[in-house]
Amino acid sequence: MNAVLPIPPRQRKPDWIRVKAPVSQGYHDTRKLMRDLKLNTVCEEAACPNIGECWTKKHATVMILGDTCTRACAFCNVKTGMPRAVDALEPQHTADAAAALGLSHIVITSVDRDDLPDGGASQFVKVIEALRRTTPDTTIEILTPDFRNKHDAAVEAIVAARPDVYNHNLETVPRLYPMIRPGARYYASLRLLEQVKRLDPSIFTKSGVMVGLGEQRLEVHQVMDDMRSAGIDFLTMGQYLQPTPRHATVEEFVTPDAFKAYASIARAKGFLLVAASPLTRSSYHAGDDFAKMQAARTEQLARATR
C-alpha cells in the first residue's frame, strides 16, 4: 500500500531542441547584476533553454513580486508556496537593471499573487513608472498573470500606465486546462486580452501556447481563431519541455516543419506577427519582434488608407 511508484524516465530530446550550456562572460555578468540588485528572472526560475544565448546578449526577463507562486501549474518550474511581502525597492531595481544592461526593450513578468488584493497589478504599474523615469527610451513589454477574480480593475490600472506590449499566455488548448493550468480559466484569459484592446487599441497584445502536451492540431487552430477574435496581435508558439519528473510529461516533440506549418496558418488568420519554433518562448528575441510588430502595423495602416 505504501510502495513508491516509479517515476517514468523522461524522453530523450531530439537534436533540434538541444542547446549549449551557458559559459560566456556576458552570461556571468548578467547573472551577477541580477544578484546584486536582488532581482528574480523567469529565465532562471522557469529553466528557460535560451538563457545562455539571451544573457550573453545581456537580455534578461525580470520576474517581479518575488520568486514564489501561489499556483501550481503542471508545466511550470517556478516554486509554489506562500510568497514573501512585496519588495518596495523592486521597481527601481528593475529600472536600474535596464539602465545597466542598456536595454532598448525590456520584458517584465511575475509570479501569480492570488494572496494580494489586486493580484500584484500595482507593482506592475510601479515598475512601468520607474522604467519611464529612469530609461525613458526603453520600450516596455509586460507578461502578466490572469489576476483571477480581479482582472477588470487590475487590467485597467496597468493599461493606464501604458506599456508598449501587453502579453498574457493562454499556454494550451481549453481541453487540457484542468490538467495543465488548473488554477486558471481559458475564457477568462481571453477576456483579459480582449479588455486590453478595448481599453487601448494602440497597445500591442500578445499571447503564447506550448505544444507537445497532447493537444490536437485542430484544437490549436481553434485557439488561433479565439485569439484573433480577441484582437491579439502576436502569437508565440514553442515546444513544451518537462522541467522535472514531477511535471506534466512531454507527449510529443513537435518537428520544426510542423512549427512552420502552424506559423503559416497563423499568418493566414491575420496575426501581425507569429513566432513559432521548438525553442520559441514569450520573451525570446522580444526586442527584435517588437520592431517587426511596429513595422507590420505601419504597413497595415498604410494599406488601409490607400
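Residues numbered from 1 in each chain as written. Predicted model: local features only at pLDDT ≥ 70, side-chain atom pairs only at ≥ 80, totals over all residues. Heavy atoms only, no water.

## Topic: the overall build of the chain
No. 1: Counting its regular elements, the chain contains eleven helices and ten strands.
No. 2: Burial status across the chain gives 53% buried among its 306 residues.
No. 3: Taking all contacts inside the chain whose residues are at least 6 apart in sequence as the whole, residues at least 24 apart take part in 76%.
No. 4: Roughly 14,800 Å² of accessible area belongs to the chain as shown, and the carbon and sulfur atoms make up 54% of that amount. (Helix = DSSP H or I, 4+ residues; strand = E, 2+ residues; numbered from the N terminus. Buried < 20%, exposed > 50% of the residue type's maximum accessible area, 1.4 Å probe, protein only. Contact = heavy atoms within 4.5 Å. Areas by Shrake-Rupley, 256 points an atom, 1.4 Å probe, with all protein chains shown as cover.)

## Quick word on the side chain of Thr-135
No. 1: Mapped onto the elements of the fold, Thr-135 is located in the loop between α5 (121-134) and β6 (139-143).
No. 2: Residues contacting Thr-135, with those up to four places away along its chain left out, are Ala-95, Ala-98 and Ala-99.

## With respect to helix α6 (residues 151-160)
Residues spaced three or four apart along an α-helix point in a common direction, a consequence of the helix completing one turn every 3.6 residues.
No. 1: Regarding α6, the residues found buried are His-151, Ala-154, Val-155, Ile-158 and Val-159. Buried positions in α6, seen along its axis, are confined to an arc of 125° and lie on one side of it. Of the residues in α6, the exposed ones pointing more than 90 degrees away from the buried face are Ala-153 and Ala-160.
No. 2: If you follow the buried residues of α6, they end up packed against α5, β6, β7 (165-167) and α8 (186-199). (Arc of directions from axis to C-beta.)

## Overview of the packing of aromatic side chains
No. 1: Taken as a whole and assessed by the stated rule, the structure comprises four aromatic pairs.
No. 2: For the ring pair Tyr-177 and Tyr-186, a centre distance of 5.6 Å and an interplane angle of 90° mean the geometry is edge-to-face. The two residues Tyr-177 and Tyr-186 agree in class, both being buried.
No. 3: Their ring planes at 90° and their centres at 4.9 Å tell us that Tyr-186 and Tyr-187 sit as a pair that is edge-to-face. (Phe/Tyr/Trp six-rings, centres within 6.5 Å; stacked < 30°, edge-to-face > 60°.)

## Digging into the packing of helix α1 (residues 25-36) against helix α4 (residues 90-101)
No. 1: Contact geometry of α1 with α4 gives a least axis separation of 10 Å together with a crossing angle of 155°. With respect to their mutual orientation, α1 and α4 come out roughly antiparallel. Here α1 and α4 pass one another in a crossing that is right-handed. Residues Thr-30, Leu-33 and Met-34 of α1 pack against Ala-97, Ala-100 and Leu-101 of α4.
No. 2: A breakdown of the residues in the contact of α1 with α4 according to their chemical character gives five nonpolar, one polar and no charged. (Axes fitted to C-alpha atoms, helices over the stretch in contact; angles between N-to-C directions. Parallel < 35°, antiparallel > 145°, perpendicular 65-115°, else oblique. Left-handed = near helix turned anticlockwise from the far one by under 90°. Nonpolar A, V, L, I, M, F, W, Y, C, P; charged D, E, K, R; others polar.)

## Examining the pairing of strand β8 (residues 204-211)
Here is the key point about a regular strand: its side chains alternate between the two faces of the sheet.
No. 1: Within β8, eight of the eight residues are buried, leaving the element largely enclosed by the surrounding structure.
No. 2: Neither face of β8 is exposed, since Phe-204, Lys-206, Gly-208 and Met-210 on one face and Thr-205, Ser-207, Val-209 and Val-211 on the opposite face are all buried.
No. 3: Across three bridges, the pairing between β7 and β8 is parallel. Looking across to β8, one finds that Val-165 is bridged to Phe-204.
No. 4: With six bridges connecting them, β8 and strand β9 (residues 234-239) associate as parallel partners. Residue Val-209 lies in a different strand from β9, and its bridge partner there is Met-237.
No. 5: Between β8 and its parallel partner β9, the chain crosses via helix α9 (residues 217-229), and the hand of that crossover is right-handed. (Pairing = 2+ DSSP bridges. Right-handed = clockwise from strand over helix to strand, strands pointing away.)

## What to know about the nonpolar core
No. 1: Membership of the largest hydrophobic core comes to 76 residues, with the highest contact counts inside it found for Ile-108, Ile-158, Tyr-166, Leu-235 and Met-237.
No. 2: The dominant element in this core, judged by the number of residues it contributes, is α5, at seven residues. (Core = buried A, V, L, I, M, F, W, Y, C linked by side-chain atoms within 4.5 Å.)

## Looking at the pattern of salt bridges
No. 1: For the structure shown, the criterion picks out 16 salt bridges.
No. 2: Here Asp-114 ties to Arg-71 by a salt bridge, and the two come within 2.6 Å at their closest N and O atoms. Residue Asp-114 is located in the loop between β5 (105-110) and α5, and its partner Arg-71 is located in the loop between β3 (68-69) and β4 (79-80); the two are separated by 43 residues in the primary sequence.
No. 3: Judged by relative accessible area, Arg-71 falls into the buried class, the value being 8%.
No. 4: Connected through shared salt-bridge partners, Arg-71, Asp-112, Asp-114, Asp-146 and Arg-148 make up one network. (Salt bridge = Lys/Arg side-chain N within 4 Å of Asp/Glu carboxyl O.)

## Points about the sheet that holds strand β2 (residues 62-64)
No. 1: Spatially, β1-β2-β5-β6-β7-β8-β9-β10 is the arrangement adopted by the eight strands of the open sheet, whose pairing is mixed. Looking along the sheet, the strands with just one partner apiece sit at the ends: β1 (40-41) and β10 (273-276).
No. 2: Relative to β2, α4 is tilted by about 175°, and along the sheet it contacts β2 and β5.

## Looking at the confidence of the model for the chain
No. 1: When the pLDDT values of the chain are averaged, the result is 89; 89% of them are 70 or greater.
No. 2: Low pLDDT (under 50) marks residues 1-5, which in the prediction has zero contacts with non-local residues, meaning those over four places away or in another chain. (pLDDT = per-residue confidence, 0-100.)

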